[in-house]
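Chains, contacts and geometry: an overview
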Amino acid sequence: MPFDSLKPLAGRTLEAALNRALALDAEARDGLRALDGRSVALHVAAPPLALQVTVAGDRLRVGPVEAGREADLSVRSTLGGLLSQLPALMGRGLRNDNAPPVGKLRIEGDADLARRLQRLAERFDPDWQQPFAAVFGDVLGVQIANAVRAALRHARDAGGAFAANAAEYVTEESRDVVGRDELNAFYDDVDTLRDDVERIAARVGRLRGARA
């Protein structure tokens, strides 16, 4: 596939991005040293992707899944299931249990390693001011970093408000999409109808047996 030729470049880009982020959090780098040599294999169903992230000292190495060697932790997911876990990777804990299921996510292997990685992700707190201060100086760099953070926060809030308004419109006004509560009520009605049909079928079966 044409995409195959881009995978090595994508892997190197991802490795560089991960290590740049880790460089901004000394505590996270120290936590990684205790996991030296451990590896996590990630398999995405569609598009078909497989990569392995290995801890090398206080850095991460990204490459193809090593044949004949089982990773300490294996994550298999659809793209939707993987994206739904991004809040957890950003240190916000696991996704809301009340949220509708998105894709599939299956984790196999060392449960203790999974818990340690989750704790590292939750405590991940990079110093985003550092790169700005290194380029623009301590005073101007901090001000620029704060301005960028405020702009991103405003964009996130505005985007969230727009998404909420759009969701309300398509569910309440245009009725193009069924709301979650209404959909759950429909599922409950279907389950009730199914149970009623099964009871009627059982009763008909008993009546036929009695007549025979």
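Residues numbered from 1 in each chain as written. Predicted model: local features only at pLDDT ≥ 70, side-chain atom pairs only at ≥ 80, totals over all residues. Heavy atoms only, no water.

1. Some details on the sheet that holds strand E4 (residues 73-77)
Taken in spatial order, the five strands make up an open sheet running E3-E2-E1-E4-E5, and their pairing is mixed. On the outer flanks of this sheet lie strand E3 (59-63) and strand E5 (105-109), each paired with one strand and no other. This sheet shows a mean twist of 20° between the axes of neighbouring strands, independent of strand direction. Of the strand pairs in this sheet, E4 and E5 are connected by five bridges, and their pairing is antiparallel. Bridging from a neighbouring strand, Arg 76 pairs with Arg 106 of E5. Against the sheet, helix H1 (residues 7-22) makes contact with strand E2 (49-56) and E3, and its axis sits at roughly 170° relative to E3, the strand it touches most. (Pairing = 2+ DSSP bridges. Helix = DSSP H or I, 4+ residues; strand = E, 2+ residues; numbered from the N terminus. Axes fitted to C-alpha atoms, helices over the stretch in contact; angles between N-to-C directions. Contact = heavy atoms within 4.5 Å.)

2. So, the confidence of the model for the protein chain
The predicted coordinates ought not to be read in detail in places where the model reports low pLDDT. The share of residues in the protein chain with pLDDT of 70 or more is 74%, and the mean pLDDT across the chain is 76. E3 holds the highest mean pLDDT among the elements of the protein chain, 90, whereas helix H4 (residues 86-89) holds the lowest, 52. Taken as a whole, residues 90-102 scores under 50 in pLDDT and shows 22 contacts with residues more than four places along the chain or in a different chain. (pLDDT = per-residue confidence, 0-100.)

3. Some remarks on helix H5 (residues 111-123)
Along its 13 residues, H5 runs 19 Å from first to last C-alpha, staying within 8% of the 18 Å computed at 1.5 Å per residue. Every buried residue of H5 is accounted for by Leu 113, Leu 120 and Ala 121. One side of H5 carries all its buried residues, which in axial view fall inside an arc of 100°. The N-cap of H5, judged by a side-chain oxygen 3.0 Å from the amide nitrogen of Asp 112 a few residues on, is Asp 110. (Expected span 1.5 Å × (residues − 1). Buried < 20%, exposed > 50% of the residue type's maximum accessible area, 1.4 Å probe, protein only. Arc of directions from axis to C-beta. Polar contact = N/O pair within 3.5 Å; in protein donor to acceptor, adjacent residues only side chain to side chain.)

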